[in-house]
Amino acid sequence: SREERRQSELEREGDHHRYAREKYKRLRERDGMVSGFEAIWRTRDGRRIHVRENATTIRDDEGTVVAYEGTVEDISRRKQYEDALFAEKERLDVTLRSIGDAVITTDTDARVTLMNPVAESLLGCPQQDALGRPLAEILHLTREQDPEARQDPADVVLHTGESLEMVAASVLRSRNGAERIVAYSAAPILDGDVRIIGVVLV
């Protein structure tokens, strides 16, 4: 949760000096590099900033470590974006769990990226079993009049770029064999450049 992440940050900040000493002690003991070491620093004016450190040892002719050389990058803005995305995902999760419709999303290969609890119940398949699998493997949709004609909404949307508006009289067969008559719609998910990055099925 966000609170747990915040607590972890505070603990890391308060213990930063010990954390850093251990990193640099290991670096002293062997030739190598500290790469991508993230920490929280306080500036002179009291601000907290997130940094990424990279460092290597400098040794004299006898092999004794005499200095460290490296860089420190301020990654505070990136962390702010990550926190904003995390908060947005939390809001999305709450919204999806509260609605009564089944919702499934896929990537551009029609592989499942998200399912809400209603979808899990209808399909008889938990999200962890579905993630990364082709939608056609877990979604068994046929026409009521023609049980042999399989329907693949994600494939249609990805190939046409068009939405499917409330396709009715379809038969959904769950993993345990139960059948339900359903209506569904599907639409492309677009990014900021109006490129298709997936499909959402309701």
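This text goes with the structure placed above it.
Residues numbered from 1 in each chain as written. Predicted model: local features only at pLDDT ≥ 70, side-chain atom pairs only at ≥ 80, totals over all residues. Heavy atoms only, no water.

## Points about the overall build of the chain
When helices and strands are tallied, the chain shows 7 helices and 10 strands. When the 202 residues of the chain are sorted by exposure, 30% land in the buried category. (Helix = DSSP H or I, 4+ residues; strand = E, 2+ residues; numbered from the N terminus. Buried < 20%, exposed > 50% of the residue type's maximum accessible area, 1.4 Å probe, protein only.)

## Some thoughts on the side chain of Glu53
With respect to the helices and strands, the residue Glu53 is situated in strand β2 (residues 48-59). A distance of 3.4 Å separates the side chain of Glu53 from the side chain of Trp41, its partner in a polar contact. (Polar contact = N/O pair within 3.5 Å; in protein donor to acceptor, adjacent residues only side chain to side chain.)

## What about the environment of Leu122?
With respect to the element layout, Leu122 can be found in helix α4 (residues 117-123). When its relative accessible area of 23% is taken as the criterion, Leu122 is described as partly exposed. Linking Leu122 and Arg180, residues 58 residues apart in sequence, is a C-alpha distance of 8.5 Å.

## A closer look at the sheet that holds strand β8 (residues 164-173)
A sheet is described by the order of its strands in space; here 7 strands give the open sequence β5-β4-β10-β9-β8-β6-β7, paired in antiparallel fashion. Sheet topology places β5 (112-115) and β7 (150-151) at the edges, where each strand pairs with a single neighbour. Relative to strand β10 (residues 196-201), strand β4 (residues 104-106) runs antiparallel, the two sharing 3 bridges. Residue pairing for β10: Thr106 is matched across the bridge by Val199. (Pairing = 2+ DSSP bridges.)

## Side note on the environment of Ala55
Structurally, Ala55 can be placed in strand β2. The sequence separation of Ala55 and Gly70 amounts to 15 residues, and the corresponding C-alpha distance is 3.9 Å.

## Some remarks on the pattern of salt bridges
Going through the model one piece at a time under the given rule, you end up with 8 salt bridges. Among the salt bridges present, the one from Glu137 reaches Arg133, with a minimum N-O distance of 3.2 Å. Judged by relative accessible area, which is 43%, Glu137 ranks as partly exposed. For Glu179, the salt bridge goes to Arg173, with nearest N and O atoms at 2.9 Å. A relative accessible area of 31% places Arg173 in the partly exposed class. When salt bridges with common partners are traced through the structure, they connect Arg78, Lys79 and Glu82 into a single cluster. (Salt bridge = Lys/Arg side-chain N within 4 Å of Asp/Glu carboxyl O.)

## Observations regarding the pairing of β8
Examined bridge by bridge, strand β6 (residues 140-143) and β8 share 4 bridges and lie antiparallel to one another. Bridging across to β8, Thr142 finds its partner in Val171. The pairing of β8 with strand β9 (residues 179-190) spans 6 bridges and is antiparallel. In the sheet register, Ser170 faces β9, and the bridge partner there is Val182.

## Quick look at helix α7 (residues 153-160)
All of the buried residues along α7 are Pro153, Ala154 and Val157. Seen from one end, α7 has its buried residues packed into an arc of 95°, which puts them on one side. Looking at the residues trailing α7, positive phi occurs at Gly161, about 75°. (Arc of directions from axis to C-beta.)

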